[in-house]
Amino acid sequence: ALHSTQRGVSGAVENATFQMAQWAQFNAATAAISRMAARASAVTSDLADLARRRQDIESRLGALRRTLRARLSRSADKRDLEEEQNLSRQFSATHVRLRIADAELAKRFPEYADLTNPKPVPIIKVRQYLDADEALLFLLEVEDQAFAWLLTQNAVEWFKLPMSPKDLKNSVLALRCGLDRTAWYDTGSLDCSEALGIGLEAAPQNDDPLPFDDGLAHALYEALLGPAKGLIADKHIFVVPSGALAALPFQVLVTSRPDSARPKREADYAALAWLGKTNSLSVLPAAGSLVMLRAHAKASRAGHPFIGFGNPLLIGQDGRNLSAWSRTTCASAKPARSVTKADRRAVRSLGPMSKSGLANVEKVRRQPPLPETADELCAVALASGSTDPDRSVWLGARATESAVRTLSS
């Protein structure tokens, strides 16, 4: 069933369903965009700093709440009363700091509360912030059905997808199995074989080409964009995905039916009608993110064509791996090395990287070093036009959270 304002469906009904769909899709990323917009709309730098400080306090309070709840839920013989009391004192003190920050913001920045509590936006609002060469595709999976809204400056298409959320999940998995070799690691080989309908004996080995299903890539294109293909020609598409579709790289959808009668060679894949050839795409966490970013973000000019962070000073599981120190500048970059099975086993053996929301710094530090990321970042910086990649690529001791915060403030 295909619905749109152009097919006689009430604009009021269409708009109401679009806003209800947004309520169903709000997530942490949506809230993060809203907080960023709030900081960007602050009229002075000290107000922006106050907003960021308040958000950091709120994050700290949430982490302490989760940690304290986990400690209190332990069995009596494993509880540590001194630790619990210390966490409780930290929680109370942080809660006081949050109230003080809220009071100051309410006095000096009264719009902050509205900006940081995202609400659904009507269709007409989204269309106001789309340029003539842009479109927004909003997708929603709910129970056993999936729907799409395609918005441009001058038109709206609203339609039910011909695939169920379960079908979409299986299709996305099958497509990724033809793109990502790590999807086949360990038990993933069974999942990929089932998704592709092949036996385990046909699973790719070592450097075997991955079984990319171009017919499925076209079927997904027809399901997700087919009813609105007339509206997206040569447009930049903002995609707001849902469910399994969040893992779909939309650029690899195929816009015309491929010849699947014979095995593909490299040249055949290059000649496919990839969506990424005709349309540029961006992914947004929510429809309102477009409005937030364009309404409140300040115009700026980047100081460098590229910026990247990589190769932090990790020391490996035994604590003695110093390979990260070998590539802390772009001048010391080398050809990349493939990730080995031993690397993957080391990562799994360390267990979770966090406990109740607080990062376990020691476990993070004992991850296998990533010197190859220095090679990749430096290569991308040079390809992006950077004349001095060591000024825009932060490696080694410079690749820290505090550096990211400083640069983004």
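All values reported here derive from a predicted model rather than from experimental measurement.

Q: Can you help me understand the state of the cysteines in this one?
A: Among covalent bonds in proteins, the disulfide is the one between the sulfur atoms of two cysteines. Counted under the stated rule, the structure contains two disulfides. Between the sulfur atoms of Cys-177 and its disulfide partner Cys-192 the distance amounts to 2.0 Å. Judged by the sign of its S-S torsion, about -80 degrees, the bond between Cys-177 and Cys-192 is left-handed. Of the two residues, Cys-177 sits in helix α7 (residues 165-177) while Cys-192 sits in helix α8 (residues 188-196), which places them 15 residues apart along the sequence. Accessibility assignment for this pair places Cys-177 and Cys-192 in one class, buried. The residue that forms a disulfide with Cys-330 is Cys-378, at a sulfur-sulfur distance of 2.1 Å.

Q: For this particular structure, what's the right way to read the pairing of strand β5 (residues 236-240)?
A: For β5, a buried count of four out of five residues is recorded, marking the element as mostly surrounded by other parts of the structure. One ladder, built from five bridges, connects strand β2 (residues 134-142) with β5; its direction is parallel. Note on β5: the bridge partner recorded for Ala-135 is Ile-237.

Q: When you look at the packing of aromatic side chains in this model, what are you seeing that I'm missing?
A: Each aromatic ring pair is described using two quantities: the centre-to-centre distance and the angle formed by the ring planes. Scanning the model with the defined rule gives six aromatic pairs in all. Both rings, one in Phe-309 and one in Trp-394, keep their centres 5.6 Å apart while their planes meet at 20 degrees; by these two values the pair is stacked. Linking Phe-309 in strand β7 (residues 308-310) with Trp-394 in strand β10 (residues 393-395), this pair joins segments that are 85 residues apart in sequence. Judged by relative accessible area, Phe-309 falls into the partly exposed class, the value being 31%. You can call Trp-394 buried: its relative accessible area is 18%. Ring-pair connections join several aromatic residues into one group, and the members of that group are Phe-18, Phe-138, Trp-149 and Trp-158. If you follow Arg-398 out to its NZ or CZ, it ends over the ring of Trp-394, 4.2 Å from the centre.

Q: So what exactly am I meant to see when it comes to helix α4 (residues 81-108) here?
A: Helical periodicity: at 3.6 residues per turn, an α-helix aligns residues three or four positions apart in one direction. Across its 28 residues, α4 extends 41 Å between first and last C-alpha, which sits within 8% of the 40 Å expected from 1.5 Å per residue. For α4, the complete set of buried residues consists of Glu-84, Leu-87, Phe-91, Thr-94, Leu-98, Ala-101 and Leu-105.

Q: Honestly, the nonpolar core in this entry has me stumped. Any pointers?
A: Across soluble globular proteins, nonpolar side chains have a tendency to be buried as a group. Leu-139, Leu-175, Leu-224, Leu-248, Phe-250 and Leu-253 are the most contacted members of the largest nonpolar core, which has 43 residues in total. Put simply, the parts of the chain that give this core at least two residues each are β2, β3 (145-151), α7, α8, α9 (214-225) and β5. It is α9 that contributes the most residues to this core, seven residues altogether. Once residues lying within four places of it in the same chain are set aside, the contact partners of Phe-250 are Leu-137, Leu-139, Leu-224, Val-239, Leu-245, Leu-275 and Leu-281.

Q: How do you make sense of the pattern of salt bridges when you look at a structure like this?
A: Two side chains carrying opposite charge are able to pair once their charged atoms lie near each other. The full count for this structure, using the stated rule, is eleven salt bridges. A salt bridge links Glu-222 to Lys-229, with the nearest nitrogen and oxygen atoms 3.0 Å apart. Residues participating in the shared-partner salt-bridge network are Arg-54, Glu-58 and Asp-102.

Q: Help me understand the packing of α7 against α8 in this model?
A: Working note: a packed helix pair is described by the angle between its axes plus the distance between those axes. With their axes 9 Å apart at the nearest point, α7 and α8 run at an angle of 110 degrees to one another. Regarding the angle of α7 to α8, the classification is roughly perpendicular. By crossing handedness, the relation of α7 to α8 is classed as left-handed. Note on element contacts: α8 touches α7 through Asp-191, Cys-192, Ala-195 and Leu-196, opposite Asn-170, Leu-173, Ala-174 and Cys-177. The residue makeup of the contact of α7 with α8, split by class, is six nonpolar, one polar and one charged.

Q: Got a minute to help me understand α9 in this structure?
A: End to end, α9 covers 16 Å across twelve residues, agreeing with the expected 16 Å (1.5 Å per residue, within 8%). The buried count for α9 comes to nine of twelve residues, which makes it a mostly enclosed element. Among the residues making up α9, those that are buried are Asp-214, Leu-216, Ala-217, His-218, Leu-220, Tyr-221, Ala-223, Leu-224 and Leu-225. On the buried face of α9, the contacting elements are β2, β3, β4 (156-160), α7 and α11 (275-278). Looking at where α9 begins, the residue whose side-chain oxygen comes 3.1 Å from the main-chain nitrogen of Gly-215 is Asp-213.

Q: When you look at the confidence of the model for the protein in this model, what are you seeing that I'm missing?
A: Close reading of the predicted structure is inappropriate where its pLDDT is low. In this model, the protein carries a mean pLDDT of 81, and residues with pLDDT of at least 70 account for 80%. In the model, residues 1-10 has pLDDT below 50 throughout and makes 24 contacts with residues more than four positions away in sequence or in other chains. Low pLDDT (under 50) marks residues 343-350, which in the prediction has 14 contacts with non-local residues, meaning those over four places away or in another chain.

Q: Hey, could you run me through the environment of Gly-288 in this one?
A: Along the chain, Gly-288 falls in helix α12 (residues 287-296). Accessibility expressed as a relative area gives 14% for Gly-288, which makes it buried. For Gly-288 and Ile-123, which are 165 residues apart along the polypeptide, the C-alpha to C-alpha distance reads 10.0 Å. Sequence-distant contacts of Gly-288, that is, excluding residues within four places in its chain, are made with Gln-22 and Val-121.

Q: I keep staring at the pairing of β4 and nothing clicks. Help me out?
A: Along a regular strand, successive side chains alternate from one face of the sheet to the other. Most of β4 is tucked away, with four of its five residues classed as buried. Here β3 runs beside β4; their pairing, made up of five bridges, is antiparallel. Bridging across to β4, Trp-149 finds its partner in Trp-158. Where β3 folds back on β4, the antiparallel hairpin that results is connected by four residues.

Q: Mind showing me how you'd approach the environment of Phe-238 here?
A: Structurally, the position occupied by Phe-238 is in strand β5. For the pair Phe-238 and Ala-287, spaced 49 residues apart in sequence, the C-alpha to C-alpha distance is 8.8 Å. Beyond its immediate chain neighbours, meaning those up to four positions away, Phe-238 contacts Leu-130, Glu-134, Ala-135, Leu-136, Leu-137, Ser-282, Leu-284, Leu-290 and Arg-294.

What counts, and at which threshold
- Residues numbered from 1 in each chain as written.
- Predicted model: local features only at pLDDT ≥ 70, side-chain atom pairs only at ≥ 80, totals over all residues.
- Heavy atoms only, no water.
- Disulfide = S-S within 2.5 Å.
- Helix = DSSP H or I, 4+ residues; strand = E, 2+ residues; numbered from the N terminus.
- Buried < 20%, exposed > 50% of the residue type's maximum accessible area, 1.4 Å probe, protein only.
- Pairing = 2+ DSSP bridges.
- Phe/Tyr/Trp six-rings, centres within 6.5 Å; stacked < 30°, edge-to-face > 60°.
- Lys NZ or Arg CZ within 6 Å of the ring centre and 35° of its normal.
- Expected span 1.5 Å × (residues − 1).
- Core = buried A, V, L, I, M, F, W, Y, C linked by side-chain atoms within 4.5 Å.
- Contact = heavy atoms within 4.5 Å.
- Salt bridge = Lys/Arg side-chain N within 4 Å of Asp/Glu carboxyl O.
- Axes fitted to C-alpha atoms, helices over the stretch in contact; angles between N-to-C directions.
- Parallel < 35°, antiparallel > 145°, perpendicular 65-115°, else oblique.
- Left-handed = near helix turned anticlockwise from the far one by under 90°.
- Nonpolar A, V, L, I, M, F, W, Y, C, P; charged D, E, K, R; others polar.
- Polar contact = N/O pair within 3.5 Å; in protein donor to acceptor, adjacent residues only side chain to side chain.
- pLDDT = per-residue confidence, 0-100.

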